[in-house]
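Next come the chains, spelled out residue by residue.
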Amino acid sequence: MSAHLPRHHRDLRTDRDLRTDRDLRNHGGPRQHGSLGRRRGLRLTALGTALLLAAGACSFGEPDPDPAGRPPNLPTPSAGASQSGAAEVTVTEIATGLQVPWGVAFLPDGGALVTERDTARILQVGPESDADGLRVRTVATLDEVDAAGEGGLMGIAVSPGYERDQTVYIYYSTERDNRIARLRLGGEPEPIVTGIPLSGIHNGGRLGFGPDGFLYASTGDASERGLAQDPASLGGKILRMTGAGKPAKGNPTAGSLVWSLGHRNVQGFAWDADGRMYATEFGQNTWDEVNLIKRGGNYGWPQVEGIGSGGGEFVDPIVQWGTSEASCSGAAMLERHFLAACLRGERIWMVETTAQGGVLGQPQELLTGEYGRLRTVVAAPDGSIWLTTSNHDGRGTPQPGDDRILRLVFGDSGTGRS
């Protein structure tokens, strides 16, 4: 069992100060970059070559009109639409000057709530806009958050009944633990799950409501490897609960929040149209993973990293990469394509899945090295993809404008609604 790492507090001077006094696992050195102008350009690669999306295999197109009303006034794309084989991708900067944007969740009006890990702020991005694009404003700052190491204010999810209950859910670190709370903006957090193991690293932190209406949360092993296999611990798990934080009906063990176990540090998950759940997984030194999450599944950590020996005791990943080209955090589904936003790998991996939950062909890489460390990727209500950078997290090399939120549109015209 590895030692429990201490949490070293950072000096939170102002919202725009770079935090560097951390005791973190070395997961890659400073990124190499060219000029800012080059970074704003769009480069698509597919295992070292141009990204090719076969015609008919991926019917990306102009998103349907937003049922909420007129499209937002988005800024001009930072680079012209780039023709790449049968598909175009347009990248637009939605917001700049942020500090480690971690979670993104959309409101019924089309705006989004964005958490900043280190400042403990919740921002609202849009739907209002002006000549510069979508409006960004602070709607909450949480005093209870203890931002240290990889901890802080992380995941956020909007209640499925938000128009009625005005409630959001947040995952955050305190001085004692990681916890999940429900919150009405302008009010105080109401903790619903406490005692999630805490450390300077491996705190998990993603939240999301599944197609079954229950709230899912990912937790890390908090640098204590044995917790992942301990069914009595909340560490190293995916949890499934009601909106009150109680174990959901149908969980593998009655009275337990645990949906799956044997995880090292899951920071991203998403569901396909058939209700299958996929998740990213940080490996240690060899393999990072994408897993198809099954009820009661044991994913093997710490006994197994990556694909195992085939003994059947643990669930193997459907995809694995070396840690230097992955270390993926956030996840999203775009039709049959699973998207993973990678920190050390500084790219999006796109994995085409099958109707049975397998993988079709080879994963494709996008935006490699263009915007630095990528933290969160989410599907927006209008059919576009939102992506956040994480260059102020102590392991990146921030450029003017970092951190930022990017909007990606896939389609024949590449222009979408921008």
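Keep in mind that what you see is a predicted model, and the values were worked out from it rather than measured.

**Focus: the state of the cysteines**
In step 1: Counted under the stated rule, the structure contains 1 disulfide.
In step 2: Disulfide pairing is shown between Cys328 and Cys342; the S-S distance is 2.2 Å. Here the S-S torsion is close to 55°, and the disulfide linking Cys328 with Cys342 is therefore right-handed. Placement of Cys328 in strand S20 (residues 328-334) and of Cys342 in strand S21 (residues 337-342) is noted, with a sequence separation of 14 residues between them.
In step 3: When its relative accessible area of 3% is taken as the criterion, Cys328 is described as buried.

**Observations regarding the packing of aromatic side chains**
In step 1: Under the definition given, this model contains 7 aromatic pairs.
In step 2: Aromatic pair Phe106 and Trp386: ring centres 4.8 Å apart, planes at 70°, arrangement edge-to-face. Here the residue Phe106 occupies a position in strand S4 (residues 101-106), and Trp386 occupies one in strand S25 (residues 385-389), the gap between them amounting to 280 residues. Like Phe106, the residue Trp386 is buried in the burial classification.
In step 3: Each ring, one from Tyr216 and one from Trp271, has its centre 5.1 Å from the other, and the planes form 70°; the classification is edge-to-face. In this pair, Tyr216 sits in strand S13 (residues 215-218) while Trp271 sits in strand S16 (residues 268-271), placing the two residues 55 residues apart along the sequence.
In step 4: In this structure Tyr216 comes out as buried when scored by relative accessible area, which is 4%.
In step 5: A residue is classified by how much of its surface remains accessible, and Trp271, at 17% relative accessible area, is buried.

**Some words on the confidence of the model for the protein**
In step 1: Taken as a whole, the protein shows an average pLDDT of 83; of its residues, 77% reach a score of 70 or greater.
In step 2: Below a pLDDT of 50 lies the segment residues 1-76, which in the model reaches 215 contacts outside its immediate sequence neighbourhood of four places, other chains included.
In step 3: Under a pLDDT of 50 for its full length, residues 78-87 has, in the predicted model, 29 contacts with residues more than four places off or in other chains.

**Re the sheet that holds strand S15 (residues 258-261)**
In step 1: Pairing is antiparallel in the open sheet, where 4 strands are placed in the order S12-S13-S14-S15. Of all strands in the sheet, those bounded by a partner on one side alone are strand S12 (207-209) and S15. Each neighbouring strand pair of the sheet contributes to a mean axis angle of 20°, computed without reference to strand direction.
In step 2: One ladder, built from 3 bridges, connects S12 with S13; its direction is antiparallel. Its bridge partner being in S13, Phe209 is matched across the sheet by Leu215.

**Here's the deal with the sheet that holds strand S6 (residues 121-130)**
In step 1: Spatial ordering of the open sheet is given by S4-S5-S6-S7, a layout of 4 strands whose pairing is antiparallel. Here the strands that pair on one side only, and so sit at the sheet edges, are S4 and strand S7 (133-141). The average angle at which neighbouring strand axes cross in this sheet is 25°, direction not considered.
In step 2: Across 4 bridges, the pairing between S4 and strand S5 (residues 112-116) is antiparallel. Directly across from Ala105, in S5, lies its bridge partner Leu113.

**Details of the pairing of strand S11 (residues 190-196)**
In step 1: The pairing of strand S10 (residues 178-183) with S11 spans 4 bridges and is classified as antiparallel. Following the sheet pairing, Asn178 is matched in S11 by Ile196.
In step 2: Hairpin remark: S10 followed by S11, antiparallel, with 6 residues in the connecting loop; positive phi at Gly186, about 95°.

**A few points about the pairing of strand S17 (residues 277-281)**
In step 1: By the criterion of burial, S17 is predominantly enclosed, with 5 of the 5 residues buried.
In step 2: On S17, burial covers both faces: Met277, Ala279 and Glu281 on one face and Tyr278 and Thr280 on the other are all buried.
In step 3: Relative to S17, S16 runs antiparallel, the two sharing 4 bridges. Bridging from a neighbouring strand, Ala270 pairs with Tyr278 of S17.
In step 4: As consecutive antiparallel partners, S16 and S17 are separated by 5 residues, and within that stretch Gly275 has a phi angle of approximately 85°, a positive value.
In step 5: Pairing of S17 with strand S18 (residues 287-293), which is carried by 5 bridges, proceeds in the antiparallel orientation. Paired with Thr280 across the strands is Val290, a residue of S18.
In step 6: The hairpin turn running from S17 into S18, its antiparallel successor, is 5 residues long.

**Overview of the pattern of salt bridges**
In step 1: A complete count under the given rule lists 17 salt bridges for this structure.
In step 2: Taking the shortest distance from any N to any O, the salt bridge between Arg182 and Glu190 comes out at 3.1 Å.
In step 3: With relative accessibility at 26%, the residue Arg182 sits in the partly exposed group.
In step 4: For Asp393, the salt bridge identified is with Arg375, shortest N-O distance 3.3 Å. Placement of Asp393 in the loop between S25 and strand S26 (405-411) and of Arg375 in strand S24 (residues 374-379) is noted, with a sequence separation of 18 residues between them.
In step 5: Looking at Asp393, the relative accessible area reads 2%, which means it is buried.
In step 6: Bridged by salt links that share partners, the residues Asp272, Asp274, Arg276 and Arg336 form one connected network.

Thresholds applied
- Along each chain, residue indices are assigned from 1 in the same order as the chain's sequence is written.
- The predicted origin of the model limits local features to residues at a pLDDT of at least 70 and limits the giving and counting of side-chain atom pairs to 80 or more, whereas totals for whole chains, interfaces and linings rest on all residues.
- Hydrogens and waters are ignored; side-chain quantities use all the structure's heavy atoms.
- By definition, disulfides here are pairs of cysteine sulfur atoms that lie within 2.5 Å.
- A run of H or I in DSSP becomes a helix once it reaches four residues, and a run of E becomes a strand once it reaches two; helices and strands are each numbered from the N terminus.
- Three labels apply to residues, based on accessible area from a 1.4 Å probe with only protein chains included: buried if under 20% of the type maximum, exposed if over 50%, partly exposed otherwise in between.
- Here a Phe, Tyr or Trp ring, Trp counted by its six-membered ring, pairs with any other such ring whose centre lies within 6.5 Å, and the pair is stacked when the planes are under 30 degrees apart, edge-to-face when over 60, and tilted otherwise.
- A score from 0 to 100, pLDDT tells how confident the predictor is in each residue.
- Two residues qualify as a contact provided that any one of their heavy atoms is within 4.5 Å of a heavy atom in the partner residue.
- Two strands are counted as paired when DSSP detects at least two bridges linking them.
- Simply put, an axis is a line fit to the C-alpha atoms, just over the touching stretch for a helix, and the angle between two N-to-C directions goes from 0 to 180 degrees.
- Whenever a carboxyl oxygen of Asp or Glu lies within 4 Å of a side-chain nitrogen of Lys or Arg, that contact is scored as a salt bridge.

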